[in-house]
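# Working through the structure, step by step
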Amino acid sequence: MAIGLFLGLALALMRLSGMWPLSATSWFYIWFMRGTPQLLQLVFIFDALPLIGLRFDTFTTAVIGFALNEAAFSGEIIRGGIISVDRNQSIAAKSLGMGPTLTLRRIIMPQALRPILPAMTNDTISMLKLTSIASVIFVNELTFRAQQIVGQNFKFFTVFAAAAVIYLVMTSVISIVQAILERRFSLEKQPLPGSATAMGRFFGFRGIEKPVAAPASYIPASPPPPDPDAVPERVADTSDWIELLAEQQRETREHKDEPFVVCTDVHKSYGPNHVLRGIDMTVKRGEVVTIMGPSGSGKSTLLRMVNHLEAIDDGEITVDGKYVGYEVVKGKLKPSRDLSRARAEARIGMVFQHFNLFHHFSALENVVEAPIRVYGVSKQQAHEAARRLLIGVGLGGHLDHLPHRLSGGQQQRVAISRALAISPKLMLFDEPTSALDPELVSEVLSVIRRLAEAGMTLIVVTHEVRFAKEVADRVIFMDEGRIVEEGPPAQVLGNPKEARTRRFLQLVEREEGTF
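Residues numbered from 1 in each chain as written. Predicted model: local features only at pLDDT ≥ 70, side-chain atom pairs only at ≥ 80, totals over all residues. Heavy atoms only, no water.

### Side note on the overall build of the protein
Put simply, the rule is: Helical segments are the DSSP runs of H or I of at least four residues, strand segments are the runs of E of at least two, and each set is numbered from the N terminus. With a 1.4 Å probe rolled over the protein chains alone, any residue whose accessible area is under 20% of its type maximum counts as buried; one over 50% counts as exposed, and the rest are partly exposed. Residue contacts are defined here by distance: any two heavy atoms, one from each residue, within 4.5 Å place the two residues in contact. Computed by Shrake-Rupley with a 1.4 Å probe, the accessible areas treat only the displayed protein chains as cover when residues are assessed.
Of the regular secondary structure elements, the protein holds 20 helices and 12 strands. The 515 residues of the protein split such that 49% are buried. Put simply, 73% of the contacts in the protein that link residues at least 6 apart link residues at least 24 apart. As presented, the protein carries roughly 24300 Å² of accessible surface, and 58% of it is formed by carbon and sulfur atoms.

Quick look at the structure:
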């Protein structure tokens, strides 16, 4: 079973691979092994392979035969578990600079285990009972041995009842193990304060990716934070949190108003759908830019292309004068081989519309994951900084809560803290309040305002007109993949020049009562 699980994981990853030879090979193997009787597979290994010089004893034949057969079934079970995990979990991991291997092991597989476990337990029990067919190659298996004993003493019921009890005991042990694992991996089981979640412990070994160096400003210089239980449930007025962010933005203040994010003739298509049609945009250091527009105008796509979560079809984007995940080869941009490392080195924090927190990690673990696994920060330093961030956004009493135990506003504040934990040079917000109830919107917008006050460079995709008027230095209005109008908030939102902008603002006014 262990061999079958290992091979099954390899088959599942091959089938999910974008390389068609690997995917086709995996599909053919699974199709063939599931479509032929296991009895014939055992006989073939035992009787046919010796003809080409591969000879195995009966026990080894049984192990090989059952392992190869199990690989086909477990491969599909594992693949089903992997594809059941929300794709946004992978996107969130990518935005933090996590590579494919680290993402699979730390984010995807721990969540995939929950749907995998019941099916895999059934498969294990079935295998245990199906080993009786190994008797065809004269393996002295339990059922076969019972038949031999009955042939000697003719006590049919007694002997087979004993064999049934032995099988029942073994399968019960497997069922108990399943129950224990499901309990440990359950999101309903709240971890004890200060302890790692079960999945965090289970997959707690370090990633093989080489960590990116953490900046010196990452390590908090202030004394340890106060008792989290004493922090009220609101966005705390913690001055040292602002001071820490302001200190990290020293370079921004020294080079304020210099171009930082530059988009030049950017195009993006999905099949026949031309999403972006020649975007030219410049964001200066320390500037707060809000991007507005109707759904489908390309706002979120543009944001994801800044940190290379989406590839550029044509044009170019630079951040701090550098390409993010691209290399110039023969005068053309080509994606870098180590894209995850390029994202990590760019230090671009991103906050998503639907939070995209890692469901199996507590609030604190969500925040420390990237600093420890990607940037090589020590656990003590990462935990101290994470506590400061979470206390600073009013979540000191929720450090060990899993995401599903937090409100929407609390989850989004954890997501902001997670993005800030990598000491970003740039923060991207993709409609951070659209999934929240109106009464929770102010909690999140308050935190974003404080980031702007600290001098952070921000690009915010939002429909919050009032927030844009109060916080933004510049507003960009997009429609049908183009920038229709841009300028100071007073101009674009108060006295727009373009008719399309006016129609959009009138709809917002009617539907949301923004003005």
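### A short note on the sheet that holds strand β8 (residues 348–351)
What counts is decided by this rule: Pairing between two strands requires that DSSP report at least two bridges joining them. A fitted line through C-alpha atoms represents every axis, and for helices the fit uses only the stretch in contact; the resulting angles, taken between N-to-C directions, go from 0 to 180 degrees.
Pairing is mixed across the open sheet formed by 6 strands, whose spatial order is β8-β9-β10-β3-β11-β12. Each edge of the sheet is formed by a strand with only one pairing partner; in this case those strands are β8 and β12 (482–487). When the angles between neighbouring strand axes are averaged without regard to direction, this sheet yields 15°. The strands touched by helix α12 (residues 299–306) within the sheet are β3 (288–292), β8, β9 (426–430), β10 (457–461) and β11 (474–479), with β9 carrying the most contacts at an inclination of about 155°. Across the sheet, helix α16 (residues 408–420) touches β8 and β9, and the angle it forms with β8 is around 170°.

### Observations concerning the confidence of the model for the protein
Our working definition: Known as pLDDT, the predictor's confidence for each residue is given on a scale from 0 to 100.
Overall, the predicted model of the protein reaches an average pLDDT of 82, with 83% of residues at or above 70. For the protein, the element scoring lowest by mean pLDDT is helix α9 (residues 198–202), at 45; helix α1 (residues 2–16) scores highest, at 94. Taken as a whole, residues 219–239 scores under 50 in pLDDT and shows 44 contacts with residues more than four places along the chain or in a different chain.

### Things to note about the sheet that holds strand β2 (residues 273–284)
Pairing is antiparallel in the open sheet, where 4 strands are placed in the order β2-β1-β4-β5. Every other strand in the sheet has two partners, leaving β2 and β5 (322–323) as the edge strands with one partner each. With 5 bridges joining them, strand β1 (residues 259–270) and strand β4 (residues 314–319) adopt antiparallel strand pairing. Note that in β4 the partner of V262 across the bridge is T318.

### Here's the deal with the packing of aromatic side chains
Where we set the bar: Classification of ring pairs uses Phe, Tyr and Trp, with its six-membered ring standing for Trp, and accepts pairs whose centres are within 6.5 Å; under 30 degrees between planes counts as stacked, over 60 as edge-to-face, and the remaining range as tilted.
Applying the stated criterion to the full structure yields 5 aromatic pairs. Relative to W31, the ring of W27 has its centre 6.0 Å away and its plane inclined at 5°; by these criteria the two rings are stacked. Placement of the pair is W27 and W31 together in helix α2 (residues 20–35), with a separation of 4 residues, close to one helical turn. Exposure remark for W27: the relative accessible area of 46% places this residue in the partly exposed category.

### Digging into the pairing of β1
Across 9 bridges, β1 lies against β2 in antiparallel orientation. Counted as the bridge partner of V266 is I279 from β2. Turn length for the β1-β2 hairpin, with the two strands adjacent in sequence and antiparallel, is 2 residues, and the turn residue G271 shows positive phi of about 65°.

### Digging into the pattern of salt bridges
As a reminder of what qualifies: One speaks of a salt bridge when a side-chain nitrogen belonging to Lys or Arg is within 4 Å of a carboxyl oxygen belonging to Asp or Glu.
Counted according to the given criterion, the structure contains 12 salt bridges. Of the charged contacts in the structure, one is a salt bridge between E369 and R373, with a shortest N-O distance of 3.9 Å. With E369 and R373 both in helix α14 (residues 363–373), this residue pair falls 4 residues apart, about one helical turn. On the basis of relative accessibility, which here comes to 4%, the residue E369 falls in the buried class. Because the salt bridges share partners, they merge into one network encompassing R15, E76 and R79.

### Concerning the packing of α14 against helix α15 (residues 379–392)
Selection criterion: Between 65 and 115 degrees an angle is taken as roughly perpendicular, under 35 as roughly parallel, over 145 as roughly antiparallel, and anywhere else as oblique. Handedness of each helix crossing follows the sense of rotation of the near helix against the far helix: counterclockwise by less than a right angle gives left-handed, clockwise gives right-handed. Under the grouping applied here, Gly and all other residues not named as nonpolar or charged are polar, the nonpolar ones being Ala, Val, Leu, Ile, Met, Phe, Trp, Tyr, Cys and Pro and the charged ones Asp, Glu, Lys and Arg.
Two numbers describe how α14 lies on α15: the axes approach to 9 Å, and their chain directions differ by 130°. Classified by the angle their axes make, α14 and α15 are oblique. Crossing of α14 against α15: the hand is right-handed. Where α14 approaches α15, its residues A363, L364, V367, V368, P371 and I372 are matched on the opposing element by K379, A382, H383, A386, R387, L389 and L390. Across the contact of α14 with α15, the residue classes tally to 10 nonpolar, 1 polar and 2 charged.

### With respect to the side chain of E310
For clarity, the cut-off: Neither His nor the chain ends is counted toward charge; the positive residues are Lys and Arg and the negative residues Asp and Glu. Within 3.5 Å is the distance limit for a polar contact, defined as a pair of N or O atoms, with the added protein rule that one can donate a hydrogen and the other accept it, and that residues adjacent in sequence qualify only through two side-chain atoms.
Mapping E310 onto the fold places it in the loop between α12 and β4. Although buried, E310 forms no salt bridge, and the nearest oppositely charged side chain, K268, lies 4.3 Å from it. A distance of 3.1 Å separates polar atoms of two side chains, one belonging to E310 and the other to Y270. E310 has contacts with K268, Y270, R304, M305 and Y326, leaving out every residue within four places of it along the chain.

### Considering unusual backbone geometry
Positioned with a positive phi, D265 is a non-glycine residue whose angle comes to about 50°. Classification of D265 as partly exposed rests on a relative accessible area of 36%. Positive phi, close to 60°, is recorded for H308, a residue that is not glycine. Along the chain, H308 turns up in the loop between α12 and β4.

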